[in-house]
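# Examining the three-dimensional arrangement
One letter stands for each residue in the lines below.
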Amino acid sequence: MDILAELNPEQRKATEAISGPILILAGPGSGKTRVITHRIAYLIKVCGVSPYRIMAVTFTNKAAREMQSRLRQLLGAGVKDLTLGTFHAICARILRRDGKEIGLDSGFVIYDDEDHLNVLKRSIVEVGLDPKEYAPRAIASAISAAKSHLVSSRDYQRHSASYFEEVVGRVYEQYQQALTKSNALDFDDLLSRTVELLRQGSKILTKYQERYLHIQVDEFQDTNLVQYELIKMLGGKYRNICAVGDPDQSIYSWRFADIRNILSFEQDYPDAEVVLLEQNYRSTKMILETASNLISTNQQRKPMGLWTGNSTGDLTRVIETYTEQEEAQYVVSEIERLVEGDRFKLGDFAVMYRTNAQSRVIEEAFIRYGVSYKLVAGTRFYERREVKDIVAYFKLVQNPQDAVSLLRVINVPGRGIGERTLSELSSWARSLGLSMYEALKHLNGLENDKLVEGKPSFNQRTIRALAGFFTLIDKFRKQCQELTLVDLFDLVIEKTGYREYLLNGTDGAERWDNILELRTVAQGYRDLPPAEGLSAFLEGVTLVSDVDELGENVDAVVLITLHQSKGLEFPAVFIVGMEDGLLPHSRSFGDPAQMEEERRLCYVGITRAKELVYLVRAFRRNFMGSSAVSIPSRFLKDIPSYLLSGGGLWEEKESSTAQGLYSWERNTLEPSLNVAEFKAGDHVHHVQFGDGVVVSAKLVKDDIEVVVAFNGAIKKLLSSYAKLKKME
DNA sequence: CGAAAGGCTCTTTTT
DNA sequence: GAGCCTTTCG
C-alpha cells in the first residue's frame, strides 16, 4: 500500500517532513490522527526506522490502541517495539525500569485521585491543621500546580508569598514524605520524577536521547510544562519532534495545560516547519460554519481558515424545554424518531454535557424509554468501592509499604480492628520509623529484636486480629511468585471472605458482578509471568480512563462529558444544558480567559458532529435541591441565527416562552441552500438604500430576515423582497 | 467495635 | 440530593 497515496497535499507535507522539528496545527476533523499514523508508518516502511526508536504520545489509552490498530492496517503487522501511550503510561514504564537511579523502588504503586486525597487529608492533619478550614481540594490543586511546574516542596516553601501558600508548602512537604514512605507516586509524580530522573543521571538521559530518533505528540495544546520539558529533553539529541495540536481545542488549562507550549515550540525550535491542516472531512458545511462562528468570538486566538467539501447539511437545532426531565425526554424521543427513519442507528448518537451530575436525569430517561445507552463516566468502574478494595489487596501484595491500601483493607471485611487500634498502631510505627506493615510484623513477634519496646498493649482479641491480617497478606506475598494472577485473585477472594462479605451487604449481587468483571480483567494478564502480571495489572487498572473503555461494537447512545468527547466523532450530537452557569460554567464568569475555554469546550462538542447538532436547554433546572430559572447560554448568541432552526427563541423570551416549552413540536424547517446566503459582516447593496453591512440574518417562516446597517440607518429587510446584492 | 442516623458542605472538567 | 463526616446507641 502506498502510504502517501490517500493523503491531501497538506497531510502529505506533514507526513513527509520527518527531519527536524515540525508543528502541525490541525483543525477538527482534519485528519490529524491519520497524519500521525501515516508518519509513523512512513518512518518505518519507507525510511527504514526501527519502531524501537519511535515514540508516540497520545492523550488517552484508547487513542493509543486505535493508533496501534491503524498501524497494523497500514503495515500489515503489529508494531511491537514502538513506544506508544499516554505521558503517564510512558513515564510509569521509564520509572519502573530506571527509577532506582533516583532512589525509587521499582515496586512503587500509583495513587489515583482518591488515594491521593486520602494521603493529603492525613497530611493536613499531621501538620496540625484542620481539613475543614483548608479545603483539601484547593491545597491538592496548588500542589499539583507546583508539581506541574517542577517546583519542589522546598522551593515552594522558600518562595511562598502568602499565608495560604505557606500552609500549602508545609502540607506539600508532609504529603511528599508520606508518599515516599508508602513507596507511592501520584499522577503528577509520574511526570515530574521522570524529568528528575532524566536531569539527574546524565547516563540515563543519553540512553533515552540516543534511543528516540523520532517523537510525536498528539493533542499538544493540552500538554503542561512538565510534559513539554520531557519532550524537549527526550528529543534533545535528534530534534525530530512532531507536535500536533489545535489551540481552539485546548480545554485542560485547569490541569495546568498551557497553550503557550505551542508558542514556546516555535521559539525553542525556530527552524520548525509549520503545517496547517484546514480541510475538514468530518462535518457538514452548516456544522462547520456554526462552530467557526462560535469560536471566532474568542479574542485570544489566531484565526483559522477551516473549510469542507462536504455537503451543506441541516441547520443546527436549538431546543428549549421546560425542565431538565423534559430535556432528557426530548433527547430520547428525538433519537427514537431519527432511528426509525433508517438514516441513523443508536450508536450514531452522543449526548454531551458539561458536568457529570447532568448525566443522571438523562440516564433515567433512557432507562424509562428502554433505549440502550452507554454512560462513559458516572461511577467509574475502577472507582467503585468493591473494586478498589480488591485492587488495594493487590497493591499491598506488590508493595506492603503502601499505607493507603493497608488502611483501606485492614478492616474490610470487618476483623474487629477499629479506629483506636489503628491510631495506636500507627503512632507506634512512626516512633520506630517503621511502616504499618513492618510494625505488624514486629507486633506479631515474628522478629525477635528489641524493637518490641513501647509496644502498645492491645488486648488478646485485637492482637489476634492484627496477627491474622498480617499472616494473610504475608501468605499472599509468598504465593504471588508462583501463582498466576487469576489464581492469586481467587485466593485473595477466598481467604479474605470477600464474597460473603459483599453478598451480605447492600447491592451485594451487583457488586459481586463487578468483582467478577475485575477478575476478567485479571485474566487478560495470564500470559505474563506472575510478578510481571501483577504489576502490569495494577498499572493498567490505575491508568485507564473511562473513554478507554468505550467499546465500539455496542449499538447504544453514548452519554459523555464534553471534555471526554475530545478526539471522538458521531453522526449526531446533542449538547444539553446550554445555559449560562452550566455552559459556560459559573466558575468561569469572572475570568475572560476561562470564559474562552468554556467556549472552546462548546466548540469541541459541536465539531464532534458529522451531520446533526442539537443544542438543548431547560427553562428551569434543579440545582442542589432547589430549582431555578435558567438563562440561555450566551454562546447561542455567538451563532448567527440563519444557521439555527427553532431560531430566535432566546432573544424573544417574553413572547415565545409559551411556545418555547414545546418548540420541538412546531418548527421543522427544511434546510435550504440559500439560508447561509447572508451573514454578519457581509457587504451588500440595495437599490434604494445603497451600500450596507449585514448585522444579522435569521429565518422567519419561509424567508430570511436580514438586518443591514446602511449609512446612518439600520433596516430590517426580508430577503425575498429587498433584492439585496451581495458584494465580494 | 460497628451500625445507624443525623448534619454538614458542595459539585466543572480527569490522566 | 448525595456523599462524607460525626455522633449516638447497642
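Residues numbered from 1 in each chain as written. Chains lettered and ligands numbered in written order. Predicted model: local features only at pLDDT ≥ 70, side-chain atom pairs only at ≥ 80, totals over all residues. Heavy atoms only, no water.

## As for the sheet that holds strand E1 (residues 22-26)
Under the convention used in this document: The criterion for strand pairing is that DSSP finds at least two bridges linking the strands in question. Only DSSP runs of H or I covering at least 4 residues are called helices, and only runs of E covering at least 2 are called strands; the numbering of each starts at the N terminus. Note on geometry: axes are lines fitted to C-alpha atoms, helical ones only across the stretch in contact, with angles between N-to-C directions running from 0 to 180 degrees.
Strand order in this open sheet of 6 strands is E3-E2-E6-E7-E1-E8, and the pairing throughout is parallel. Taken across any chain shown, the strands that pair with only one partner, and hence form the sheet edges, are strand E3 (83-86) and strand E8 (273-277). Direction aside, the axes of adjacent strands within the sheet are offset by 15 degrees on average. For E1 and E8, the ladder comprises 5 bridges, and the chain directions are parallel.

## So, the pairing of strand E14 (residues 557-561)
Definition in use: Residue burial is assigned from relative accessible area. The probe radius is 1.4 Å, only protein chains are included, and a residue is buried under 20% of its type maximum, exposed over 50%, and partly exposed in between.
Within E14, 5 of the 5 residues are buried, leaving the element largely enclosed by the surrounding structure. In E14, alternate side chains face the same way, and those of Val 557, Leu 559 and Thr 561 on one face and Val 558 and Ile 560 on the other are all buried. As defined by bridge partners, strand E12 (residues 349-353) adjoins E14 across 4 bridges and the pair is classed as parallel. Pairing of Met 352 across the sheet is with Ile 560, part of E14. Relative to E14, strand E13 (residues 373-375) runs parallel, the two being bridged by 3 bridges. When the bridges of E14 are listed, Lys 374 appears paired with Val 558.

## Considering the packing of helix H11 (residues 225-234) against helix H12 (residues 260-268)
Here is the rule we go by: Roughly parallel refers to an angle under 35 degrees, roughly antiparallel to one over 145, roughly perpendicular to one between 65 and 115, and oblique to any angle outside these ranges. Crossing handedness: left-handed means the near helix sits turned counterclockwise from the far one by under a right angle, and right-handed means the same turn made clockwise. The contact criterion used throughout is that any non-hydrogen atoms of two residues lie within 4.5 Å. Basically, the charged four are Asp, Glu, Lys and Arg, the nonpolar ten are Ala, Val, Leu, Ile, Met, Phe, Trp, Tyr, Cys and Pro, and anything else, Gly included, counts as polar.
It is at 11 Å that the axes of H11 and H12 come closest, and there the two elements cross at 25 degrees. Here H11 lies roughly parallel to H12, going by the angle between them. The handedness of the crossing between H11 and H12 comes out as right-handed. Residues Leu 225, Tyr 228 and Lys 232 of H11 pack against Asn 261, Ser 264, Phe 265 and Asp 268 of H12. Taken together, the residues of the contact of H11 with H12 sort by class into 3 nonpolar, 2 polar and 2 charged.

## Overview of unusual backbone geometry
A cis amide bond links Leu 583 to the next residue, Pro 584, at an omega of 5 degrees. Locating Pro 584 in the fold gives a position in the loop between strand E15 (570-575) and helix H25 (592-606). Of note, the phi angle at Leu 150 is positive, near 60 degrees, even though the residue is not glycine. In this fold, Leu 150 is placed in the loop between helix H6 (136-148) and helix H7 (153-159). Exposure remark for Leu 150: the relative accessible area of 24% places this residue in the partly exposed category. Positioned with a positive phi, Glu 219 is a non-glycine residue whose angle comes to about 50 degrees. By the element assignment, Glu 219 lies in the loop between strand E6 (214-217) and H11.

## Thoughts on the nonpolar core
For the record, the criterion: To define a nonpolar core, start from buried Ala, Val, Leu, Ile, Met, Phe, Trp, Tyr and Cys residues and group those joined through side-chain atoms within 4.5 Å.
Ranked by internal contacts, the top residues of the largest apolar core, which has 81 residues, are Leu 190, Phe 265, Ile 575 and Ile 606. The element best represented in this core is helix H4 (residues 87-98), accounting for 7 residues. If we ignore the near neighbours within four places in the chain, the residues touching Phe 265 are Pro 21, Ile 22, Leu 23, Phe 220, Tyr 228, Ile 241, Ala 243 and Ala 272. Membership of the second largest hydrophobic core comes to 51 residues, among which are Leu 440, Phe 469, Leu 518 and Ala 522.

## Here's the deal with the side chain of Gln 68
Cut-off, in case you're wondering: Here a polar contact is recorded for every N or O atom pair within 3.5 Å, except that within protein the pair must consist of a potential hydrogen donor and a potential acceptor, and residues adjacent in sequence are included only if both atoms are side-chain atoms.
Turning to its location among the elements, Gln 68 is positioned in helix H3 (residues 61-75). By relative accessible area, Gln 68 is classed as buried at 18%. Within the structure, the side chain of Gln 68 is placed 3.2 Å from the backbone nitrogen of Val 79, a separation counted as a polar contact. Sequence-distant contacts of Gln 68, defined by excluding residues within four places in its chain, comprise Gly 78, Val 79 and Leu 84.

## Here we look at H6
This is how the line gets drawn: The span expected for a helix works out to 1.5 Å for each residue beyond the first.
The end-to-end C-alpha distance of H6 is 18 Å, a good match for the 18 Å that 13 residues give at a rise of 1.5 Å each. Here H6 lies mainly inside the structure; 10 of its 13 residues are buried. Buried residues of H6: Pro 136, Ile 139, Ala 140, Ala 142, Ile 143, Ser 144, Ala 145, Ala 146, Lys 147 and Ser 148, and no others. Summarising the contacts, the buried residues of H6 are in contact with helix H5 (113-126), H7, helix H8 (163-181), strand E5 (184-186), helix H9 (187-200) and H11. Residue Leu 150 follows H6 closely and has a positive phi angle near 60 degrees.

## Comments concerning the packing of aromatic side chains
Heads up, the condition is: Only centres within 6.5 Å qualify two rings of Phe, Tyr or Trp (six-membered ring in Trp) as a pair; their planes then separate them into stacked at under 30 degrees, edge-to-face at over 60, and tilted for everything else. Note on geometry: a ring has a charge over it if NZ (lysine) or CZ (arginine) is within 6 Å of the ring centre and within 35 degrees of the ring normal.
Using the criterion set out here, one finds 19 aromatic pairs in the structure. A ring pair is formed by Tyr 134 and Tyr 163, whose centres lie 6.4 Å apart and whose planes are at 55 degrees; its orientation type is tilted. In this pair, Tyr 134 is assigned in the loop between H5 and H6 and Tyr 163 in helix H8, connecting sequence segments 29 residues apart. Here the aromatic rings of Tyr 498 and Tyr 501 are separated by 5.2 Å at their centres, their planes lie at 55 degrees, and the arrangement is tilted. Of this pair, Tyr 498 and Tyr 501 both sit in helix H22 (residues 498-504), separated by 3 residues, roughly a single helical turn. We classify Tyr 498 as buried; its relative accessible area is 1%. Members of the aromatic cluster, joined through ring pairs, are Tyr 330, Phe 344, Phe 349, Phe 574 and Tyr 614. Sitting over the ring of Phe 108, Arg 96 keeps its end group 3.9 Å from the ring centre. Above the plane of the ring of Phe 59 lies Lys 566, whose end atom (NZ or CZ) is 3.8 Å from the centre.

## Overview of helix H18 (residues 419-432)
This is how the line gets drawn: To be clear, the arc concerns the directions from the helix axis to the C-beta atoms.
Between its first and last C-alpha, H18 extends 20 Å over 14 residues, near the 20 Å set by a 1.5 Å rise per residue. Thr 421, Leu 422, Leu 425, Trp 428 and Ala 429 are the residues of H18 that are buried. For H18, the angular spread of buried residues about the axis comes to 135 degrees, placing them on one side. Along H18, the residues that are exposed and aim more than 90 degrees away from the buried face are Glu 419, Arg 420 and Ser 431. At the exit of H18 stands Gly 433, carrying a positive phi of roughly 70 degrees.

Fair warning: the whole summary comes from geometry, so function is off the table for now.
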